[in-house]
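So the chains spell out like this:
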Amino acid sequence: VRACIESLYRHKQQFDLYVWDNGSDDETRRYLESVQHSNFHLHRSESNDGFIVPNNRSVALGKSPYVVLLNSDTVVSQGWDR
């Protein structure tokens, strides 16, 4: 999760990041709660709600006409969004 988020902030400038913490372990939860960016939006489920429900909820929170869904093990590189 950390590598994914850090790679997004390294290789993208204007975006909103909606993270749905799907009942993660304590270490991941602490990390997510420590992220300090004005465009970082954290939502949490105490249990694992599966794959589709959190994605649909996260998409509904955004205001952009463009949405990119990434798994937590994704690491992006320069030009990934072109």
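A few points on the structure. (Residues numbered from 1 in each chain as written. Predicted model: local features only at pLDDT ≥ 70, side-chain atom pairs only at ≥ 80, totals over all residues. Heavy atoms only, no water.)

**Focus: the overall build of the chain**
So the rule is basically this: Counting from the N terminus, the helices are the DSSP runs of H or I reaching at least four residues and the strands are the DSSP runs of E reaching at least two. This radius of gyration counts C-alpha atoms alone. The globule rule is 2.2 Å times how many residues there are, raised to the power 0.38. Buried, partly exposed and exposed residues are distinguished by accessible area as a fraction of the type maximum, computed with a 1.4 Å probe on protein chains only: under 20%, between the cut-offs, and over 50%, respectively. Contacts are assigned to residue pairs with any non-hydrogen atoms lying within 4.5 Å of each other. Residue exposure ignores everything except the shown protein chains as possible cover, and the areas themselves are Shrake-Rupley values with a 1.4 Å probe. Note on charges: Lys and Arg go in the positive column, Asp and Glu in the negative column, and His and the chain ends are not counted at all. By convention, charge coordinates are those of NZ in Lys, CZ in Arg, CG in Asp, or CD in Glu.
Tallying secondary structure elements over the chain gives three helices and two strands in all. Going from the N terminus to the C terminus, the chain shows its helices and strands as α-β-α-β-α. Whereas a compact globule of 82 residues would reach a radius of gyration of roughly 12 Å, the chain reaches 12 Å, a difference of no more than 12%. A burial count over the chain gives 24% of its 82 residues as buried. When contacts within the chain are restricted to residue pairs at least 6 apart in sequence, those whose partners lie at least 24 apart make up 57%. Counting every atom, the chain has about 6000 Å² of accessible surface; 47% of that belongs to carbon and sulfur. Across the chain, the centroid of the 9 positively charged side chains sits 6 Å from that of the 11 negatively charged ones.

**What about the side chain of Asn39?**
Applicable threshold: Pairing of N or O atoms within 3.5 Å defines a polar contact, subject to two protein rules: one partner must be a possible hydrogen donor and the other a possible acceptor, and residues neighboring in sequence count only if both atoms are side-chain atoms.
Examined against the element boundaries, Asn39 turns out to sit in the loop between helix 2 (26–34) and strand 2 (40–45). Polar contacts involving the side chain of Asn39 include one to the main-chain carbonyl oxygen of Phe15, which spans 2.5 Å. When residues no more than four places from it in sequence are discounted, the contact partners of Asn39 are Tyr9, Phe15, Asp16 and Leu17.

**Describing the nonpolar core**
Filter applied, for reference: Note on terminology: a nonpolar core comprises buried Ala, Val, Leu, Ile, Met, Phe, Trp, Tyr and Cys residues joined through side-chain atoms within 4.5 Å.
Counting residues in each nonpolar core, the largest one holds twelve residues, listed as Cys4, Ile5, Leu8, Tyr9, Phe15, Leu17, Val19, Tyr31, Leu32, Val35, Phe40 and Val76. For this core, the secondary structure elements donating two or more residues are helix 1 (2–11), strand 1 (17–22) and helix 2. Sorting elements by how many residues they give to this core places helix 1 first, with four residues. Apart from residues no more than four positions distant in its own chain, Phe40 is found in contact with Ile5, Tyr9, Leu17, Val19, Leu32 and Val35.

**Section: the packing of aromatic side chains**
The way to describe two aromatic rings as a pair is by their centre distance and the angle between their planes. Definition in use: Put simply, two rings from Phe, Tyr or Trp (the six-membered ring, in Trp's case) pair if the centres are within 6.5 Å, and we call them stacked under 30 degrees between planes, edge-to-face over 60, tilted for the rest.
One pass over the structure, following the stated rule, counts one aromatic pair. With 5.0 Å between their ring centres and 50° between their planes, Tyr9 and Phe15 make a pair best called tilted. For Phe15, a relative accessible area of 18% corresponds to the buried category.

**A word on the environment of Asn55**
Of note, Asn55 is situated in helix 3 (residues 52–61). The spatial distance from the C-alpha of Asn55 to the C-alpha of Asp26 is 22 Å, given a sequence separation of 29 residues.

**Some words on the pattern of salt bridges**
Defined as follows: What makes a salt bridge here is a side-chain nitrogen of Lys or Arg within 4 Å of a carboxyl oxygen of Asp or Glu, nothing more.
Under the counting rule described, the total for this entry stands at six salt bridges. The residue Arg44 makes a salt bridge to Asp21 at a minimum N-O spacing of 2.6 Å. One end of the pair, Arg44, is in strand 2; the other, Asp21, is in strand 1, with 23 residues separating them in the sequence. You can call Arg44 partly exposed: its relative accessible area is 26%. A salt bridge links Glu46 to Arg44; the shortest N-O distance between them is 3.4 Å.

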